[in-house]
Amino acid sequence: MPSLTLYHTEGCHLCEMAHDLIGDVVDLSVLQLQDIVDDAELMERYQVSIPVLLRQDNGKELYWLF
């Protein structure tokens, strides 16, 4: 089960950079991708903050630049 969530959206170059960076340090099988446009609440919360990395076990969020 994924232990990290990357909040992102398609066409976001910072999100693509974040995904590549995360892939350099962790196995991507622990990463869940969540496009914020699929959820109105996430869109409202993260629209100007993406990419955001969420650690699911403790709820801590890392904002770009990690």
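Throughout this document, residue positions are counted from 1 along each chain, in the order its sequence is written. Given that this is a predicted model, residues contribute local features only at a pLDDT of at least 70 and side-chain atom pairs are listed and counted only at 80 or more, while totals for whole chains, interfaces and linings are drawn from all residues. The side-chain quantities take in all heavy atoms of the structure and omit both hydrogens and water.

### As for helix α1 (residues 13-25)
Inclusion rule: In this text, helices come from DSSP runs of H or I with a minimum length of four residues, and strands from runs of E with a minimum of two, each type numbered from the N-terminal end. Every helix has an expected span of 1.5 Å times one less than the residues it contains. The buried label applies to any residue whose accessible area, calculated with a 1.4 Å probe on protein chains only, is under 20% of its type's maximum; exposed applies above 50%, and partly exposed to all values in between. The arc in question is formed by the directions pointing from the helix axis toward the C-beta atoms. Two residues form a contact once any of their heavy atoms are found within 4.5 Å.
Taking 1.5 Å per residue as the helical rise, α1 with its 13 residues ought to reach 18 Å, and the 19 Å between its terminal C-alpha atoms agrees with that figure. Those residues of α1 lying buried are Cys15, Ala18 and Ile22. Projected down its long axis, α1 shows its buried positions confined to an angular sector of 55 degrees, all on one face. In this structure, α1 carries His13, Asp20 and Asp24 as exposed residues pointing more than 90 degrees from its buried face. For α1, the secondary structure elements touched by its buried residues are β1 (4-8), β2 (31-35) and β3 (52-55).

### Some details on the environment of Gln47
In this structure, Gln47 sits in the loop between α2 (40-46) and β3. Separated by 16 residues in the primary sequence, Gln47 and Tyr63 place their C-alpha atoms 12 Å from one another. If near-sequence neighbours (up to four positions away) are discounted, Gln47 is found in contact with Ile36 and Leu42.

### What to know about the pattern of salt bridges
Quick reminder of the rule: Note on definitions: salt bridges are taken to be side-chain nitrogens of Lys or Arg within 4 Å of carboxyl oxygens of Asp or Glu.
Taken as a whole and judged by the stated rule, the model has 2 salt bridges. A salt bridge links Glu61 to Arg45; the nearest nitrogen and oxygen atoms lie 3.2 Å apart. Here Glu61, found in strand β4 (residues 61-63), pairs with Arg45, found in helix α2; they are 16 residues apart in sequence, far enough to count as distant. One salt bridge in this structure joins Asp57 and Arg55, with 2.6 Å as the shortest N-O distance. Residue classification places Asp57 among the exposed residues on the basis of a relative accessible area of 59%. Given the relative accessible area of 43%, Arg55 is considered partly exposed.

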